[in-house]
Amino acid sequence: MKLLLTVFTFILFANSVQSQSINLRGKLIDTVGKQSLLNASISLLDKTDSTLEQFTLAKESGSFEMKNLSVGTYLLQITFQGFEPIYKKITLSKEETDKNLGSIYLKQAFKDLGTVVVTQSPVVIKTDTVEYNAGSFKTKPNAMVEDLLKKMPGIQVDKSGGIKAQGEDVQRVLVDGKRFFGDDPKMATKNLPSDVIDKIQVFDALSDQSAFSGFDDGNRTKTINIITKKDKRKGTFGKMTAGMGSDGDQLLNDHNISLSNFNDGRQLTFTGQGNNVNKQGFSTQDFLGTLGGGGGGRQGGGGGVMNIIQNIAGSSSTGGIINTWSGGLNYSDKWGARTEVSGSGFYNNQKTNNIQNSFTENFTSGKVDSSIFSTQNKSTFNNNSNGRFNFNIEKQLDSLGNNSLIIRPNINLQKTNRTTTTNTGSTKGKFVNLNNSVARTGSDNEGYNGNVDLTFRHRFKKKGRSFTVSGNVGRNDNDGTGNNYSVNEYYNNNVSFRKDTIDQNYNSFNTTKSLNGTFSYSEPLGKFSQIEIAYNHSYQEVLSDKHTFSFDKGLNNYSIPVANLTNDFSNTYISDRGTLSYRITKPKYNFTIGNGVQWGNLKSINNSLNNTIEQNYINLFPTARFNYSFSKTENLRFNYSGRTSQPSVSQLQPIVDNSDPLNIRVGNAALQQKFSHNFRTFYNSFNILTQKIIFAMVNVTFVANDIQNSVLISNRGVQTTMPVNLDGTYSIIGYFNYGFPLRKPKSNLNLGVNYSRLQSQGLINNESNYSRNTTIGTNILWTTNLKDKWDINFTSNSMYNIARYTLQPNQNADFFSQFLSVEATHYTKSGWIFSTDLDYTYNGGRTDGFNTSIPLLNASIAKQLFKDKAGEVKVFMFDLFNQNQSVSRTVSSNSIQDMQSLVLTNYFMVSFTYNLRNFKAQGNQPRMMQMFKMGEGGGRSGGMNRGG
């Protein structure tokens, strides 16, 4: 830890002493109109690559000043609407610490003949979009988009590639406004190089209906749009890597390829990946629900907001050794003047080996020493194959765009094979033996999930009047077989008195059919107001059939039906909802209020028991949204929504799941729906002059009739869990981020604070237990924008948890986690690249054996090859200290579980990478860049005035 702080301090000091404190000032003058030049943009650019060094705005008098500049030669850019831009070559030396440019005269642009205006402000806020200029953020050689995103204030990228923007998870990434591999953000950020990127836009994407009608329905998706450079939109680019290595016991490999061909709006990208070192350039999708279950022991669950999972791993994985092979193709283009299409196909296969050791405390009552403690060792192998295909067609049916049609078919295919061996022992208190179990389970599942979205939109001649008709048809099939074998031993006063053997096979068939249709009509009521009427019809049918058979020793086969594990079940839910909403839109604010009434019918039929349950519901769906703009760069938003949620089929189905014989689960056909009230406030502010950014968010949710767990624990330690409806669930989540640039060294610093307060009620042996978990966390993110030689990132995440229980206050627990990370890359003009990243993780307040201090150090040396440095040979060492671990804690309404998982440890890898860049010529270079190559000066109105 001391070494980490010493290195970090030295880097800061070394870069600080390189800078000299030089001030630059001047005054802008209008040569004709004598008008005020307030807020004229003055940018100081690097002479070699035009990256921004410093930015300011002119005062009302036209004067400006830049402070704390470094020695060097720069390009001064001055732009103001209605005037010709000015470019001046500026040399700053230590002999002249206060450089005065005097009066600079601007000429009015009487005719606009294509004048090029280069906007170099690092961040610009345009209404509800935050736009980052990629050229203002320096990255290491051969960086990818995710490396670029790490440099941008307000954006965070975690170790696995997950992205948060303005405190929210990014759910979609577009490339030049087009969908890229569906809605998987990692496919773009991990496969596109940063040097082809011009701008990054962050915004809340409206639904198709809202974007067309202008009536905000509150359905938003946090989205990043990657805008490529214009001169990189015609050509081929990509990256190919082949790597081989060893951990001392086995051969390791790491291969990937990403090739893109862009041609005037047509995008074609192929990506492939193969490795056994836990690298994954895509998001895992699991519609069969067969990849979970990694948690051992007897953790709680069952919905609600109380389940808190803290996974602090030294590596980027959450445990296990994963062998991955994947490949995919993305396509987008225009078919004629009015039709835009995009689509992708992607296949992946992952084989995961995992070993988990867990220690779980299950609460049974309010008595002291009444808890049941379980120690478990679990070994799992999972083979998962997944194929997903999607297509998007958006067609304008007329030249004015008043009629449009959107068609989006999607299909996912999945096949999994899973085998698990588990050894579990339980005690009452810590010394009285209750039971132990040795179990082996296996399952094979395959199925598909397909749906088609159709949307037709019509806009009338009268502004604000429109209607939309949309529909969705979907089907999900999941068929599976499995086996369950276990030997379970029970104790009385620490003496074994009974052994049970379970030997069963099962087969299951599950089908879900859905149909959803919506009609909406919007009508203007005046210049500033609008009304929307909508109707929705929804139909869902779920069929589930499971048959379980015990082993017949006499016949030597599985032929004895198990009644309580066999069930033929169907569930149908039909709903009709009508809503009415009113919206006011003014220059400074807009406000929407609405309400809906939904009639629902739920019918559950248990064919095995010849039992039918039917429930009718009437619910309200209130909504309210308020948006106030203090300025173009300061905004406040408030949203409220009330929503109902139906129980899942697995929760409703009264079938026993005894795959873990000491932790049995059973459904509840009498479950009712739950209703959630959600209040969300979001504030953002950006100072274009100081580049300071503030994001703040508060989200409050109250859940009535929540679906939580009722847990019955026998005197032998067998736990039976059933979902029930309970009140008392709420969550309060807050986030605050303050970001600002540093001049010495040139970098960005983001300081964040997060807070959460979660409560839910559970039943333990029919006794009520309220669980309350409070989390307080801080985040520090420091990223450099140095011109050359160094690329440094520093991250600190601290989290303090306070868990409280009403049934067993003696089990109240506080625990703490700290994560520190430094990523440093040093590169030379001759092509040498030295990289290291050190992650330090500390877990405290856990069960003995789970309090860990994990230093994970990785290092690499690379040499760029060829004249254009397109090739690279790298030697990479992972976990030099051989200290990597994965530790997690799960807090639920009736248990606390600590777990350690198998992870990758020390290995080395040698790789070769080739970066392809082949673009067609895009005409003459802008004179701004030619000035230095041709030795042009910059007079008072010198530089580029026309063309480009």
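Description of the structure in this document. (Residues numbered from 1 in each chain as written. Predicted model: local features only at pLDDT ≥ 70, side-chain atom pairs only at ≥ 80, totals over all residues. Heavy atoms only, no water.)

1. Notes on a nonpolar patch on the surface
A grouping of Phe866, Val873, Val875, Phe908, Val910, Phe912 and Tyr914 is seen on the molecular surface, where their side chains present a nonpolar patch of about 560 Å² in accessible area. Listed by contribution, the elements that provide at least two residues to the nonpolar patch are strand S48 (871–878) and strand S51 (907–919). Sorting elements by how many residues they give to the nonpolar patch places S51 first, with four residues. The residue Val873 is located in strand S48 in this model. For Val873, a relative accessible area of 34% translates into the label partly exposed. (Patch = residues over 30% accessible without salt bridge, like charges linked within 9 Å, V, L, I, M, F, W, Y side chains within 5 Å. Areas by Shrake-Rupley, 256 points an atom, 1.4 Å probe, with all protein chains shown as cover. Salt bridge = Lys/Arg side-chain N within 4 Å of Asp/Glu carboxyl O. Helix = DSSP H or I, 4+ residues; strand = E, 2+ residues; numbered from the N terminus. Buried < 20%, exposed > 50% of the residue type's maximum accessible area, 1.4 Å probe, protein only.)

2. Here we look at the side chain of Arg179
Position of Arg179 relative to the elements: it lies in strand S14 (residues 178–179). Exposure remark for Arg179: the relative accessible area of 19% places this residue in the buried category.

3. With respect to the sheet that holds strand S6 (residues 86–92)
A sheet is described by the order of its strands in space; here four strands give the open sequence S3-S2-S5-S6, paired in antiparallel fashion. Edge positions in the open sheet fall to strand S3 (52–57) and S6, since each of these has one partner strand only. Each strand axis lies, on average, 20 degrees off the axis of its neighbour in the sheet, ignoring direction. Examined bridge by bridge, strand S5 (residues 72–79) and S6 share seven bridges and lie antiparallel to one another. Its bridge partner lying in S6, Gly72 is registered against Leu92. (Pairing = 2+ DSSP bridges. Axes fitted to C-alpha atoms, helices over the stretch in contact; angles between N-to-C directions.)

4. Some words on the nonpolar core
Ranked by size, the top nonpolar core spans 37 residues in total, and within it Tyr132, Leu149, Ile200, Ile224 and Ile226 carry the most contacts. Among all residues touching Tyr132, those that are not within four sequence positions of it are Pro122, Val123, Phe137, Met152, Pro153, Gly154, Ile155, Asp198, Lys199, Ile200 and Val202. Membership of the second largest hydrophobic core comes to 21 residues, among which are Leu28, Leu37, Phe83 and Leu92. (Core = buried A, V, L, I, M, F, W, Y, C linked by side-chain atoms within 4.5 Å. Contact = heavy atoms within 4.5 Å.)

5. Structural notes on the pairing of strand S22 (residues 339–362)
Counting buried residues along S22, 17 of its 24 residues qualify, which places the element largely inside the surrounding structure. As paired strands, strand S21 (residues 321–334) and S22 are joined by 14 bridges and run antiparallel to one another. Across the sheet, residue Leu329 finds its bridge partner in S22, namely Gly345. With antiparallel pairing between neighbouring strands as the criterion, S21 and S22 make up a hairpin whose turn holds four residues, including Gly336 at a positive phi of roughly 85 degrees. Sheet topology places S22 next to strand S23 (residues 372–396); 24 bridges connect them, and they run antiparallel. From the neighbouring strand, Val341 faces S23, where its bridge partner is Ile393. Bridge count between S22 and strand S50 (residues 895–901): seven bridges; the pairing is antiparallel. The residue of S50 that forms the bridge with Phe359 is Asp898.

6. Section: the packing of aromatic side chains
The tally for this structure, following the rule as stated, stands at 27 aromatic pairs. Between Phe626 and Tyr628 the ring centres are 6.4 Å apart and the planes differ by 15 degrees, which places this aromatic pair in the stacked class. Residue classification places Tyr628 among the partly exposed residues on the basis of a relative accessible area of 26%. Ring geometry for Phe682 against Phe695: centres 6.5 Å apart, planes inclined by 20 degrees, an arrangement best described as stacked. (Phe/Tyr/Trp six-rings, centres within 6.5 Å; stacked < 30°, edge-to-face > 60°.)

7. Details of the pattern of salt bridges
Counted by the stated rule, this structure contains 24 salt bridges. With a shortest N-O distance of 3.2 Å, Asp98 and Arg25 are connected by a salt bridge. Of this pair, Asp98 sits in strand S7 (residues 98–106) while Arg25 sits in strand S1 (residues 22–30), placing them 73 residues apart in sequence. A salt bridge links Arg498 to Asp500; its shortest N-O distance comes to 3.1 Å. Here Asp500 falls in the partly exposed class, since its relative accessible area comes to 27%. Within the structure, one salt-bridge network assembled from shared partners comprises Arg172, Arg179 and Asp183.

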